[in-house]
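# Architecture and fold: a report
Spelled out from the first residue to the last, the chains are:
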Amino acid sequence: MSPYAAGRRRVHRLLAAGVPLAVVAALTAAGPAASAPTGEARVTRAATLGDLPLGAFSNALLPGTVDDDRGVDLGGIGSDIYPAGRPGEFWTVTDRGPNGQIKVDGAKRRTFPVPGFDPAIVRIRVQGDTVRVLKAIPVTTASGRPVTGLPDQRGRDEAPYSYDAGTPLSYDPNGLDTEGIVRAADGSFWLVDEYGPSLVHVDARGSVLARYVPEGLRLTGADYPVVEALPAVLLHRKINRGFEGLAQLPGGDLVMALQSPLSLPDTAAGEASRTTRLLRFSPRRKAVTAEYAYRFDPVGVVDPGEDDTSELKISSVVAVGGDRLLVEERTDRAARLHLVRLERSADILGGRWDDDTASPSLEQLDDPAATGVPVLRKHLVVDLGKVAGVPGKIEGVARVDRDTLALINDNDFGMTDGTGAFDARGRLVDSGVETTVVYVRLPHGL
């Protein structure tokens, strides 16, 4: 049996025995760290976030926003992670809050058990085997109201329902499904959002300064400036798969990653495609200045045994100097990090691939490079699926130093899908998955 297979078997045995995830991560990190062959990545540190009731957390930031947290603890802060300037400290961001899916009459309904939840920017410290919350900043509208995580537009976004999928909830044009985060030199933050998809600029106190959305989105009723500054082709983003990754280049430009291929010309094409897009945005010009085609590896390469191409996602992009990026390709069970360079010759902005009537579309091409599309060249840095101690559903990656990365998972607030997510009293049946930060030492520096 290979060391990798043995390590995976050990992890499964520990979890099956009821050992907490944090302990599993620490044990599996301690073993391979001592015996892993030279040249292999390894976990050197693992820490978990303790239980903090979501209602108490939210109401301390914006009193009265959550009247019943249904037993849910703070989670979901693993949507991204960004260095905060001090050793062991990071900025993180929640997503839209606890949500799941329940099938009713054969159709899936999106549930929001804590509809008053407000996405937040959370500063954490990794201290020993514990993740501690140092500071939290609520994301608010221009007038100081919570943005909420509810969907924006009827007919475009999933309809929101109560925890049991029985009661429709209201849409909220202010709502954000926040994902990637970076901090600018002036102390403000940039976030990306899956609904629009959009790029969101907030000040140091969390107030939205501007939300940049695709041309033609026509989002009305928001209590902050909405600017149609992104290519209209992004209107074809897959539901719940808008922008997820965000990086800040040394010169200040931002790079946003679409989590999944666009649904062009239709849903089936997007589900089958392995080509997604990265966009470069200039905060100074307030405009997209470049666009790049990014090609996923086959799903069975990223996640051996998986055969559904639509499971492929980009969840994190990290600037590593110059115009170089680490790009995370993942499924919910496995992830690989690739290094790419944003070459000028690879820019496709404003060409035929931004025309949603183009046939075939970029997403339909079986081999874009063979047809002349300048696909970004990439180099595999690490296969995280082969590193014992790395949890599933890694959504945030940060560079700690030249050869160490910090990874954080999205624990979905301890929620699962289906009618069993809550008990008969409407209280959460926690999945037991904890928010975990692990440090991974790479065999070669970046």
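Please read these numbers as outputs of a predicted model, since none were measured by experiment.

Cut-offs used in this document
Residues numbered from 1 in each chain as written. Predicted model: local features only at pLDDT ≥ 70, side-chain atom pairs only at ≥ 80, totals over all residues. Heavy atoms only, no water. Core = buried A, V, L, I, M, F, W, Y, C linked by side-chain atoms within 4.5 Å. Buried < 20%, exposed > 50% of the residue type's maximum accessible area, 1.4 Å probe, protein only. Helix = DSSP H or I, 4+ residues; strand = E, 2+ residues; numbered from the N terminus. Contact = heavy atoms within 4.5 Å.

## Things to note about the nonpolar core
Note that soluble globular proteins tend to have their nonpolar side chains buried in a common cluster. Of all hydrophobic cores here, the largest spans 28 residues; its most connected members are L54, F57, I77, F90, V122, I124 and V437. Every element with two or more residues in this core is listed here: β1 (42-49), α3 (54-61), β6 (120-127), β7 (130-138), β23 (404-409) and β24 (436-441). Non-local contacts of I124, meaning those with residues more than four positions away in its chain, are made with I77, G88, E89, F90, T92, V131, R132, L134 and V437.

## Focus on unusual backbone geometry
Trans peptide bonds make up the majority, and among non-glycine residues the majority have a negative phi. Here the bond from G196 into P197 is cis, since omega is -5°, no more than 30 degrees from zero. Inspection of the secondary structure assignment puts P197 in the loop between β10 (189-193) and β11 (198-202). Looking along the chain, the bond that leaves L264 and enters P265 is cis, with omega of 0°. For P265, the position within the fold is in the loop between β15 (254-258) and α4 (267-272). Positive phi outside glycine occurs at D105, with the angle close to 50°. By the secondary structure assignment, D105 is in the loop between β4 (100-104) and β5 (107-111). Notably, K286 is not glycine yet its phi reads approximately 55°, a positive angle. In this fold, K286 is placed in the loop between β16 (275-282) and β17 (287-295).

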